[in-house]
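# Descriptive structure summary
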Amino acid sequence: MARGSTRPTSRDVAQAAGVSQAAVSLVLGDKWRGRVSEATAQRVREAARDLGYRPNLAARNLRLGRTRTVLLVVPALTTEFFAGVYTGATRVAAEHGFGVVLYPSPEGIGPAPDPFASAQAALDGVIASSMAADALTAIRGEALPLVMLDSDPSGSLGAATVNLDIADGVRQAAEHLLSLGHRRFLHLAADVPSWTFEVRARELAARLAEVPGTSVRTARSPISIEGAVTAAETALSQPGPRPTAVICDDDQLAAGTYKAARRLGLRVPDDLSVTGLDDLALATAIDPELTTVRLDAELFGERGMRALLAVLEGREPESGDIPVRLVVRGSTAPPGLP
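Anyway, here's the lowdown on the structure attached to this text. Because the structure is predicted, anything quoted here is derived from the model rather than measured.

### A few points about the pattern of salt bridges
- Summed over all chains, the structure comprises 13 salt bridges.
- Between Glu-302 and Arg-91 there is a salt bridge whose closest N-O contact spans 2.5 Å. Remark: Arg-91 occurs in helix H5 (residues 80-95) and Glu-302 occurs in helix H12 (residues 297-312); sequence separation between them is 211 residues.
- Take Arg-91: its relative accessible area is 35%, and that puts it in the partly exposed class.

Structure representation (structure tokens):
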């Protein structure tokens, strides 16, 4: 590199590594496999690092007709779950030279204004939660590749879908409570019109219907602790035999159930077992700590970004739902005396 030059070039890297500029482009564009040796690739990377070389992404993107920018559309960031999704997506994006723009849909769901003068000109693709699907009507150009998260694969708008195995998580929670001896259940359901919550209700009803002598009532609540307090207190105060277990669609709903139980003079888990779903930090901040289904938010985001990269490259995205796991803590126990 000539003295006084402010920025090293790919020619400088090629000279330092003893290779052609074409080889430098292949290695730094991550397209070297099968074209140059591992040793050559390593030599190019070391030369680029030693020289402080950075590719001119703006020029490369202009040649390719790409912005290397992805939009992540999620509900309003009311919990750390979607922050984890964003973290996972950006980690994979950075490995491939992409940036991720986070766009929380106002109020969690519903139409949103287009943040771009032209989405097709500004973006290479979109990753969107089904809970914010309505926002896509104003954002998505028809030609934009779209990956849907937590979405019905049979009716998805996207070129690919990535799902957590929510159905299995609900089954695990139900099996756990059934094994403890519970037969009277309350399902505290999220009052959100979304496929992921429809799955929870359907799977819970199907599993409990297989066991004779079980009963389940449903109460709906917005996804907030305050809303859950009201909904759970009302449901648990109804005439007739009281449920001995509450299965909540979300950890926040479980926290609200704790408060409702306390107002009614009920002890968790002696009088009332409670389960959640997410395994947020909240789950271990309440007492007793919450039995809940752990969802790997960062892996969810990673898989979403990898799926979009596959679509952009014309490959088949990885198939199969992401496994989830019930974490048993102190909020569940055998039912007390009627």
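From this point, things continue past the structure.
### A closer look at the packing of aromatic side chains
- Counted by the stated rule, this structure contains 2 aromatic pairs.
- An angle of 85 degrees between the planes, with centres 5.2 Å apart, marks the rings of Phe-81 and Phe-82 as edge-to-face.
- The class for Phe-81 is buried, based on a relative accessible area of 7%.
- Judged by centre distance (6.2 Å) and plane angle (45 degrees), the rings of Phe-81 and Phe-300 are tilted. Pair noted here: Phe-81 is in helix H5 and Phe-300 is in helix H12, with a separation of 219 residues, a long-range link.
- Residue classification places Phe-300 among the buried positions, given a relative accessible area of 2%.
- Through successive ring pairs, a cluster of aromatic residues spans Phe-81, Phe-82 and Phe-300.

Calculation rules
Residues numbered from 1 in each chain as written. Predicted model: local features only at pLDDT ≥ 70, side-chain atom pairs only at ≥ 80, totals over all residues. Heavy atoms only, no water. Salt bridge = Lys/Arg side-chain N within 4 Å of Asp/Glu carboxyl O. Helix = DSSP H or I, 4+ residues; strand = E, 2+ residues; numbered from the N terminus. Buried < 20%, exposed > 50% of the residue type's maximum accessible area, 1.4 Å probe, protein only. Phe/Tyr/Trp six-rings, centres within 6.5 Å; stacked < 30°, edge-to-face > 60°.

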